[in-house]
Amino acid sequence: MAASYEVRGNVAVITMNNPPVNGLGYDTRRGIAEGVDRANADAAVKAIVITGAGKAFSGGADIREFGSPKALAEPNLLSLILQLEGSAKPIVAAIHSVCMGGGLELSLGCHYRVAAPGTQVALPEVKLGLVPGAGGTQRLPRVLGVENALNMIVSGEPVKSEMLAMAPGQKLFDKIVDGDLMAGALAFAAEIADKRPLPLVRNLKATHPDADAYFAFARNTVKAMAKNFPAPARCVDCVEAAVKSAKFDDGMRFERDTFLALMMTPESKALRHAFLGERAASKIPDVPEDTPQRKIEKVAVIGAGTMGGGISMNFLNAGIPVTILEMKQDALDRGVGVMRKNYEAQVKKGKLKQDKYDQRMALLKTTLSYDDIKDADMVIEAVFEEMGVKEKVFKTLDEVMKPGAILASNTSTLDLNKIAAFTKRPQDVIGTHFFSPANVMKLLEVVRGEKTAKDVLATVMAVGKKIKKTAVVSGVCDGFIGNRMIEQYSRQAGFLLDEGCTPAQVDKAIEKFGFAMGPFRMGDLAGNDIGWAIRKRRAVEYPDLKYSKTADLLCEMGRYGQKTQAGWYDYVAGKRDAIPSPVVVEMIEKHRASLGITLRKISDDEIVQRLVFALVNEGARILEEGIASKASDIDMIYLTGYGFPVWRGGPMCYADTVGLFNVVQAMKRFAQNPRDDAAFWQPAPLLAKLAAEGKSFT
Ligand code: NAI
């Protein structure tokens, strides 16, 4: 049973027991309901205590039941709360550790609440694009006051129980119990066992001295903060209903309707998709969760450049010692200098305490000799992106590293299987593709080579979690998942210039769609010369691949981006503002004329569709080839590494929202455009099949 029952003296204790956080799944709900019935039927029982086993009171809904019939099976949470309210014997919630979402709503249906200090209390539903659905918006304002409650509901952020207990006039907690919570709860139950009538939160009033003005203010604030998300504004509506509804149950009905309507919005679907996708990313179909892991207590990083430094910081931040190896002392000094500057900026902003900074730097060693790193449990190579250089490094690593050490490469484009083949231990070789700046970006593509051992993969996924990354597995292919897709997106951006757009027009359209940065501003930031080098290599490997020549012409003009203060845009020294460049526009126009293209007015819709559906089509091929094991992995990569708008859930989720039939139709249209790449726009077979069957990626 997911809830246990025992009688202590004359108090029945019902303990939710559904690890890890006592999610209110069907079995847990039934267990509670049966316990309450049993206690009411037992003449020896005078009061009931409900608590949670282990690390939580309750974290709320059981996410494993999301979308399944069990989630709504009776007793659902609303029915269960009604049962608690109707209990003839008093019910005390004994709250500790974590009390969130449905867990908090459940406790608000109890007659009394006692809590341990340090409990994280929250209604986080807004983070999934929802409002609380089991009375949270109606009951919390009645016990915490309208403003405190609304702040919690709109932000979804946890607040500590002792803080809440200090709110003037609060009725959320009847008591904060220092020390043994169960002993405190039992003593409290004995105190109130005979008191009648039983207090109910629903019988309290939610009031505000200046309700109209306050809700108008709240609405304005929320609108400005959450313009792409409907849920926060709906939270305001629900709390207002708690104040203004004639009857408690009217407010409940309003909350329920709002909850159900939000459930159907693309924004909530996208947020729930991302929430589940993050968890699903760590599950690899053929690598069981109990796969043994190697111990990673010491890490070495080869190369103290842009990436090596950032990568090292991740480990230092997690308390893992790092040794960085370079070829020359000045490269080491430069690299460590950049890391220091980074940390010092954080200290200055008050984001990092001086002593933490000192502790982190104390974990860092530097060396010019492989002798100093041979004992590392994991080594991450971040040297120049040249196969010859990688070959030398991996041959040396193979010679010097202790047996069982994980040998990782941060390569962004090279064939990991070839790199692994430089060693006699390809099973220990893996790709860890960090994104720049590596100490900031959440994404880590974990590249699984043909021969990478399962325990190596499991270990690196766990390391990813430890250093707070979203780790997603990719198979080996050119560009792996993220960059292979972005290549198609960039190609479309180039064609759009040839056909009539300016860089600013393309960037604006896709930024309006919600991308953090359009392709041309992005190119200027990353350095246009990087793409240039890749295209030169591709020209040898895939001589027929069609590109707009404009990006090469730009590089030939020496316009590499922000670093040369000139790229697709002009830049003023020391500033990052992208200023449209007449020189670039002229270059594009000349190029257009040389191709004999007559300028065409291109709509924002077409720009967005061509860029985003290019991602979708390549993503479908990646899925089909097994490079990604699920569509949500692709979406996680785009949400955490490429600035894809969160409220659209990633390219594959977005395609599902548009409807795959419509996506395929658009692709067929694009294939007719002689300036575009007709072969590319043939819908990937998987996409065509899903569309024909009326199915979706996710
Ligand atoms: P970088 O040029 O900033 O740094 C490379 C560093 O490696 C230099 O400090 C160099 O002195 C050192 N180095 C070169 N050969 C060495 C050797 N044999 N032994 C020891 N140190 C050596 O390059 P960056 O940008 O840090 O890139 C490193 C790797 O990370 C490349 O494989 C690159 O493709 C990959 N990468 C780069 C990203 C970026 O945005 N810069 C993003 C993701 C991956």
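Quick summary incoming for the structure in this document. (Residues numbered from 1 in each chain as written. Predicted model: local features only at pLDDT ≥ 70, side-chain atom pairs only at ≥ 80, totals over all residues. Heavy atoms only, no water.)

1. Overview of unusual backbone geometry
Let me state the cut-off plainly: The numbering of helices and of strands both runs from the N terminus, where a helix is a DSSP run of H or I of at least 4 residues and a strand a run of E of at least 2. Burial classification: accessible surface area is computed with a 1.4 Å probe over protein chains only, and a residue below 20% of its type maximum counts as buried, one above 50% as exposed, and the rest as partly exposed.
Geometrically, the link from Glu74 to Pro75 is a cis peptide bond, its omega value of 0 degrees lying close to zero. Mapped onto the secondary structure, Pro75 falls in the loop between strand S3 (47–52) and helix H2 (77–86). For the bond from Arg196 to Pro197, the omega torsion is 0 degrees, close enough to zero to count as cis. Among the secondary structure elements, Pro197 is positioned in the loop between helix H7 (181–192) and helix H8 (211–225). Despite not being glycine, Asn22 has its phi angle at roughly 55 degrees, a positive value. Locating Asn22 in the fold gives a position in the loop between strand S2 (11–16) and helix H1 (26–41). At Lys468, a residue that is not glycine, the phi angle is positive and equals roughly 65 degrees. Tracing the backbone shows Lys468 in the loop between helix H17 (454–466) and strand S17 (470–474). Overall, the relative accessible area of 66% leaves Lys468 in the exposed class.

2. Some details on the sheet that holds strand S7 (residues 120–122)
Keep this limit in mind: Two strands pair under a simple rule: DSSP has to find at least two bridges between them.
The three strands lie next to each other as S5-S7-S8, forming an open sheet whose pairing is mixed. Edge positions in the open sheet fall to strand S5 (98–100) and strand S8 (159–160), since each of these has one partner strand only. One ladder, built from two bridges, connects S7 with S8; its direction is antiparallel. The residue of S8 that forms the bridge with Gln120 is Lys160.

3. As for the side chain of Glu240
So the rule is basically this: Under this definition, polar contacts are N or O atom pairs within 3.5 Å; protein pairs additionally need one hydrogen-donor-capable and one acceptor-capable atom, and for neighbouring residues in sequence, both atoms have to be side-chain atoms. The contact definition used throughout considers only heavy atoms, calling two residues in contact when any of these lie within 4.5 Å.
Secondary-structure assignment places Glu240 in helix H9 (residues 231–244). Here Lys244 takes part through its side chain, which lies 2.8 Å from a polar atom of the side chain of Glu240. In this view, Glu240 contacts Phe215 and Arg219; residues no more than four positions away in its chain are not counted.

4. Some points on the site of the ligand
Our working rule: Residues are counted as near a molecule or strand when any one of their heavy atoms sits within 4 Å of it. For every accessible area listed, the method is Shrake-Rupley and the probe measures 1.4 Å; residues are considered covered only by the protein chains on display. In this count, Pro and Cys sit with the nonpolar residues alongside Ala, Val, Leu, Ile, Met, Phe, Trp and Tyr, while Asp, Glu, Lys and Arg are called charged and the others, Gly among them, polar.
Around the ligand, 22 residues are found, and the nearest of them are Met307, Glu326, Glu385, Lys390 and Ser412. A distance of 3.3 Å is found between an oxygen atom of the ligand and a backbone nitrogen or oxygen belonging to Val383. One of the side-chain N or O atoms of Lys390 is found 2.6 Å from an oxygen atom in the ligand. Here the ligand, which alone exposes 830 Å², has 80% of that area covered by the protein. Breaking the shell around the ligand down by element, the ones donating at least two residues are helix H12 (306–317), helix H15 (387–400) and strand S15 (429–434). Among the residues making up the shell around the ligand, the classes are represented as eleven nonpolar, eight polar and three charged.

5. Concerning helix H28 (residues 685–692)
Rules: Directions drawn from the helix axis to the C-beta atoms are what define this arc.
Taken together, the buried positions of H28 are occupied by Leu687, Leu690 and Ala691. Looking straight down H28, one finds that the buried residues subtend no more than 100 degrees of arc, so they occupy a single side. Along H28, exposed side chains directed more than 90 degrees from the buried face belong to Pro685 and Ala692. Looking at the residues trailing H28, positive phi occurs at Gly694, about 70 degrees.

6. As for the sheet that holds S2
In spatial order, the strands read S1-S2-S3-S4-S6-S9; together these six strands make up an open sheet with mixed pairing. The open sheet has two free edges, formed respectively by strand S1 (3–8) and strand S9 (175–176), since each of these has just one partner strand. Looking at chain direction, S2 and S3 are connected through six bridges and run parallel. Looking at S3, one finds that Ala12 is bridged to Ile48.

7. Observations regarding the pairing of strand S16 (residues 443–447)
Every other side chain in a regular strand lies on the same face of the sheet, so the side chains alternate between the two faces. Here is the rule: A right-handed crossover is one whose linking path, passing over the helix from the first strand to the second, runs clockwise when the strands point away from the viewer.
Of all five residues that make up S16, five are buried, and the element is covered over most of its length. Here S16 shows a buried face lined by Leu443, Glu445 and Val447 and a second buried face lined by Leu444 and Val446. Judged from the four bridges that link them, S15 and S16 form a sheet pairing that is antiparallel. Within S16, the residue paired with Thr432 across the bridge is Val446. Taken together, the five bridges between S16 and S17 define a ladder with parallel strand orientation. Paired with Val447 across the two strands is Ser474, which belongs to S17. Running through H17, the crossover from S16 to the neighbouring parallel element S17 is right-handed.

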